[in-house]
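Inside the fold
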Amino acid sequence: MAVPKKRTSKSRKRIRKNVWKGKADQAAVKAFSLAESISTGRSKIFYCTTNDKPSGSSKSTSINESNDS
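Scoring rules and cut-offs
- Residues numbered from 1 in each chain as written.
- Predicted model: local features only at pLDDT ≥ 70, side-chain atom pairs only at ≥ 80, totals over all residues.
- Heavy atoms only, no water.
- Helix = DSSP H or I, 4+ residues; strand = E, 2+ residues; numbered from the N terminus.
- Buried < 20%, exposed > 50% of the residue type's maximum accessible area, 1.4 Å probe, protein only.
- Areas by Shrake-Rupley, 256 points an atom, 1.4 Å probe, with all protein chains shown as cover.
- Polar contact = N/O pair within 3.5 Å; in protein donor to acceptor, adjacent residues only side chain to side chain.
- pLDDT = per-residue confidence, 0-100.

Along the backbone of the chain there are 1 helix and 2 strands. Taken from the N to the C terminus, the helices and strands of the chain come in the order α-β-β. Buried positions account for 4% of the 69 residues belonging to the chain. Total accessible area computed for the chain in this model is approximately 7000 Å², and 54% of it derives from carbon and sulfur atoms.

This is how it looks when you write it as structure tokens:
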């Protein structure tokens, strides 16, 4: 015979929700830090190169990943 499960408390729901939001927040901080280091040129994992063409006025930027882990 099937027995209904106990209801999850509000505090337990809040705890799980905050853990989920905390993981998202940490990922956002890490992504912003990586973007900031790339834009300032302090990154050791990625490097940016600009190719200046004499005929065109636009600059192209490429980001390459090196495997120096």
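Quick look at the side chain of Ser37 now. Position of Ser37 among the secondary structure elements: in helix 1 (residues 10-40). For Ser37, the side chain forms a polar contact with the main-chain oxygen of Leu34, separated by 2.9 Å.

On to the confidence of the model for the chain. Interpretation of the predicted coordinates at a detailed level should be avoided for regions scoring low in pLDDT. With 65% of its residues at a pLDDT of 70 or more, the chain shows a mean pLDDT of 77. Model confidence for the chain, summarised as mean pLDDT per element, is weakest for strand 2 (residues 60-65) at 52 and strongest for helix 1 at 92.

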